[in-house]
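As a plain string of letters, each chain reads:
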Amino acid sequence: MSTLTPHGACLEWQPGLIWINAISDALIGGGFFATALFLGLLVWRRRDLQFAAAFLGFGAYVTICGVTRMLSILTLWVPLYGIEASVKAVQAVFSVGIAAALLLIVLPRLLVLPGRNQLQQAYAALEEEIRQRRKAEDMVKRFQELEATEAQVRQAQKMEAIGQLTGGVAHDFNNILTVITGSIEILSDAVKHRRDLAPIARMITAAAARGADLTQHLLAFARRQPLQPRSTDVNAMVIDVARLLRPTLGEQIEIESMLAHDAAPALIDPSQLSTALLNLALNARDAMPDGGKLTLETKNVALDENYAATNQEVKPGDYVMVAVSDTGEGIPKDLLEKVFEPFFTTKEVGKGSGLGLSMVYGFVKQSNGHVKIYSEEGHGTTVKLYLPQAASVPSAQATEAGVPAGDHGDETILIVEDDALVRDYVTTQIKRFGYRTLAASNAAEGLALINGEQRIDLLFTDVIIPGGMNGRQLAREAVKRRPGLKVLYTSGYTENAIVHHGRLDAGVLLLPKPYLSSDLARMLRTALAS
């Protein structure tokens, strides 16, 4: 038993002094323990905390300080001064260690840490760097958009240049084909009983028909074909095409139709849409030599300003989408931009003219629509046609009230054609039908004959003629001079004389080149009877 006197004896056991010391030491000790608990939890929760070892050391130190406070309370009644001295010795050692660590280790590191002003400057510099980086990223994005836009513009200009070239070639070629087609008809009738010559005549007829088909595709791509757009039920068109395709594509190709029940009518030329769908389906068949699946789809689509900004020549608005998809071989990515060019094909030599997709492209563009192709090698291809919606309900397809080719009268027909070969051929053919003819090579000669006293019942004029005015202007002047004069146009390249915005003007009769003599006779009677 210790002979030392408790600390309370030193205070003469005065209750006020004893309880003041006891409560004060308890509160101080509790503060030390709370501080130690805070430091321990901080280090435990924040594993990446800087100066973690210093925090732990300081926590141990304040814990010992708390213990000494508790011992001070105990020694008020029990003289455990030996234990208290031992704890204070340990506290002294920790004090020296903490002081040394603070002065030699922590303080130098704290001094090099940035202050509030430095942090503010650093944050400001960081924000500026972020702003500059975002500005650079925006510039890069803008350059990429400009580059993409320039690429689209270059592609559009190239397609327009090719279109002008092909349209001009088709015009001249149609004049030649008109003579060939009509002349071979006469020869075929003359040699139909000759077994040695009849097959040759049929071969020439087939070759001329093939040439006429090629020129029509070229005119479609050049957007120079006269369209007769009307409100058309695209679902009905797709169903008709699918019915026609089933025996054509073969049993190895499955045809699936996904038609929107609320598909709006489209303002297009239905015959041209049918031809476009057939071309796309035949291309899909060739891409699936071992069989596959052909999907025809319709849907109402709205193309907004954002889409138009990234696709040249697209007008924002409501469209009817007609998609043709296959599960074929697909098209390499580097060739996708070329597939709509005339005579470009990925097929083997002799297995395609390369005019199918160009015809589709020209028809859709001339119809104020948009065409997009998606393809992935080994997975297939999808071609989407975005056709302008029509405001009215679909109209029934008009039927031509044809007049038998053999019917004719004693009318006089004025022929205005600048190509001498075509002019001589047409004059000969019309005379064969029993009509009287007058011929002119240009607008001036035609007006001179119209101003004359000879009877003229019908003006049959090419649209593109020399002499200071085109065929439409000539017809307008002719009707002024001879009210009631009938007019029939012919052309292989209509420009904008009788076709505006891709549409044939109302009340205009046009006989496209090349044409058969039966077509010529029928259109002459139709024009005279109108």
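For clarity, every value in this text was computed on a predicted model and none was experimentally measured.

Draft legend 1. Spotlight on the overall build of the protein. Helix and strand counts for the protein stand at 14 helices and 14 strands. Taking all 530 residues of the protein together, 40% fall into the buried category. Taking the intrachain contacts of the protein between residues at least 6 apart in sequence as the baseline, contacts between residues at least 24 apart amount to 74%. Working note: accessible area of the protein is about 29,200 Å², and carbon and sulfur atoms make up 58% of it.

Draft legend 2. Broad picture of the packing of aromatic side chains. Applying the stated rule across the entire model yields 2 aromatic pairs. Taking the centre distance of 6.2 Å and the plane angle of 35 degrees together, the rings of Phe58 and Tyr61 count as tilted. Residue Phe58 and its partner Tyr61 are both found in helix 3 (residues 52-74); the two are separated by 3 residues, about one turn of the helix. On the basis of relative accessible area, Phe58 is assigned to the partly exposed category, the value being 33%. Assessed through its relative accessible area of 19%, Tyr61 is described here as buried.

Draft legend 3. Just helix 7 (residues 234-249), in detail. The end-to-end C-alpha distance of helix 7 is 21 Å, a good match for the 22 Å that 16 residues give at a rise of 1.5 Å each. Here helix 7 has its buried residues at Val234, Asn235, Met237, Val238, Val241, Ala242, Leu245 and Leu249. Contacts made by the buried residues of helix 7 are with strand 1 (230-232), strand 2 (253-258), strand 3 (266-268), helix 8 (270-286), strand 4 (292-303) and strand 5 (317-326). Here helix 7 starts with a cap whose side-chain oxygen sits 3.1 Å from the backbone nitrogen of Asn235, and that cap is Asp233. The positive-phi residue at the C-terminal boundary of helix 7 is Gly250, with phi of around 100 degrees.

Draft legend 4. Layout of the pattern of salt bridges. A full pass over the atoms with the stated rule returns 12 salt bridges. With a closest N to O distance of 3.3 Å, Arg285 and Asp286 form a salt bridge. What makes Arg285 partly exposed here is its relative accessible area of 29%. When salt bridges with common partners are traced through the structure, they connect Glu477, Lys480 and Arg481 into a single cluster.

Draft legend 5. Structural context of the environment of Gly66. Mapping Gly66 onto the fold places it in helix 3. Look at Gly66 and you get buried, because its relative accessible area is 0%. In this structure, the C-alpha to C-alpha distance between Gly66 and Phe32, residues 34 residues apart in sequence, is 5.0 Å. Apart from the residues lying within four places of it in its own chain, the contact partners of Gly66 are Gly29, Phe32 and Phe33.

Draft legend 6. Summary view of the sheet that holds strand 2. Taken in spatial order, the 5 strands line up as 2-4-5-7-6 in an open sheet, and their pairing is mixed. For this open sheet the edge positions go to strand 2 and strand 6 (370-376), each flanked by a neighbour on one side alone. Between one strand and the next, the sheet's axes are offset by a mean angle of 15 degrees, whatever the strand orientation. Against the sheet, helix 7 makes contact with strand 2, strand 4 and strand 5, and its axis sits at roughly 165 degrees relative to strand 4, the strand it touches most.

Draft legend 7. The arrangement of the sheet that holds strand 10 (residues 458-462) in detail. Taken in spatial order, the 5 strands of this open sheet run 9-8-10-11-14, and their pairing is parallel. What marks the edges here is a single partner per strand, and that holds for strand 9 (436-440) and strand 14 (510-512). Going across the sheet, the axis of each strand differs from the next one's by a mean of 20 degrees, ignoring polarity. In this sheet, strand 10 lies alongside strand 8 (residues 412-416) in parallel orientation, the contact comprising 4 bridges. Counterpart to Ile415 in the pairing with strand 10 is Phe460. Sheet contacts for helix 11 (residues 420-432): strand 8, strand 9 and strand 10; angle to strand 9, the most-contacted strand, approximately 170 degrees. Each of strand 8, strand 10 and strand 11 (486-491) is contacted by helix 13 (residues 471-481), which is oriented at about 160 degrees to strand 10, the strand it contacts most.

Draft legend 8. A look at the packing of helix 2 (residues 15-45) against helix 3. Close contact between helix 2 and helix 3 brings their axes to 8 Å; oriented N to C, the two are set at 160 degrees. Between helix 2 and helix 3, the angle falls in the class roughly antiparallel. In the crossing of helix 2 with helix 3, the sense of the turn from one axis to the other is left-handed. For the contact of helix 2 with helix 3, the per-class residue count stands at 17 nonpolar, 7 polar and 2 charged.

Draft legend 9. The packing of helix 3 against helix 4 (residues 81-112), seen in detail. Across the interface, helix 3 lies against helix 4 with an axial gap of 9 Å and an inter-helix angle of 155 degrees. Our classification of the angle between helix 3 and helix 4 gives roughly antiparallel. Helix 3 and helix 4 meet at a crossing whose hand is left-handed. Residue-level inspection shows Ala54, Gly57, Phe58, Ala60, Tyr61, Ile64, Cys65, Val67, Thr68, Leu71 and Ser72 of helix 3 in contact with helix 4, the latter providing Ile83, Glu84, Val87, Lys88, Val90, Gln91, Phe94, Ser95, Ile98 and Val106. For the contact of helix 3 with helix 4, a count of residues per class yields 14 nonpolar, 5 polar and 2 charged.

Draft legend 10. Structural detail: helix 12 (residues 443-450). Residues of helix 12 that are buried include every one of Ala443, Gly446, Leu447 and Ile450, and no others. Viewed along the axis of helix 12, the buried residues span an arc of 100 degrees, placing them on a single side of the element. Those residues of helix 12 that are buried lie in contact with strand 8, strand 9 and helix 13. Between the side-chain oxygen at the start of helix 12 and the backbone nitrogen of Ala444 there is a gap of 3.1 Å, and the oxygen is on Asn442.

Draft legend 11. The side chain of Thr427, seen in detail. As for its position among the elements, Thr427 is in helix 11. Judged by its relative accessible area of 13%, Thr427 is buried. Once you skip the residues sitting within four places of it in the chain, Thr427 turns out to touch Ile415, Thr437 and Ala439.

Draft legend 12. Up close: the pairing of strand 7 (residues 380-388). Taken across its 9 residues, strand 7 has 8 buried, putting it largely inside the fold. Pairing analysis gives 8 bridges linking strand 5 to strand 7, with the strands arranged antiparallel. Each bridged residue has a counterpart across the sheet, and for Val320 the counterpart in strand 7 is Leu387. By the bridge criterion, 7 bridges tie strand 6 to strand 7 in an arrangement that is antiparallel. When the bridges of strand 7 are listed, Val371 appears paired with Leu385. Taking the residues that link successive antiparallel strands as the turn, the strand 6-strand 7 hairpin has 3 residues, and the phi of Gly378 there is positive, at about 85 degrees.

Conventions adopted
Residues numbered from 1 in each chain as written. Predicted model: local features only at pLDDT ≥ 70, side-chain atom pairs only at ≥ 80, totals over all residues. Heavy atoms only, no water. Helix = DSSP H or I, 4+ residues; strand = E, 2+ residues; numbered from the N terminus. Buried < 20%, exposed > 50% of the residue type's maximum accessible area, 1.4 Å probe, protein only. Contact = heavy atoms within 4.5 Å. Areas by Shrake-Rupley, 256 points an atom, 1.4 Å probe, with all protein chains shown as cover. Phe/Tyr/Trp six-rings, centres within 6.5 Å; stacked < 30°, edge-to-face > 60°. Expected span 1.5 Å × (residues − 1). Polar contact = N/O pair within 3.5 Å; in protein donor to acceptor, adjacent residues only side chain to side chain. Salt bridge = Lys/Arg side-chain N within 4 Å of Asp/Glu carboxyl O. Pairing = 2+ DSSP bridges. Axes fitted to C-alpha atoms, helices over the stretch in contact; angles between N-to-C directions. Parallel < 35°, antiparallel > 145°, perpendicular 65-115°, else oblique. Left-handed = near helix turned anticlockwise from the far one by under 90°. Nonpolar A, V, L, I, M, F, W, Y, C, P; charged D, E, K, R; others polar. Arc of directions from axis to C-beta.

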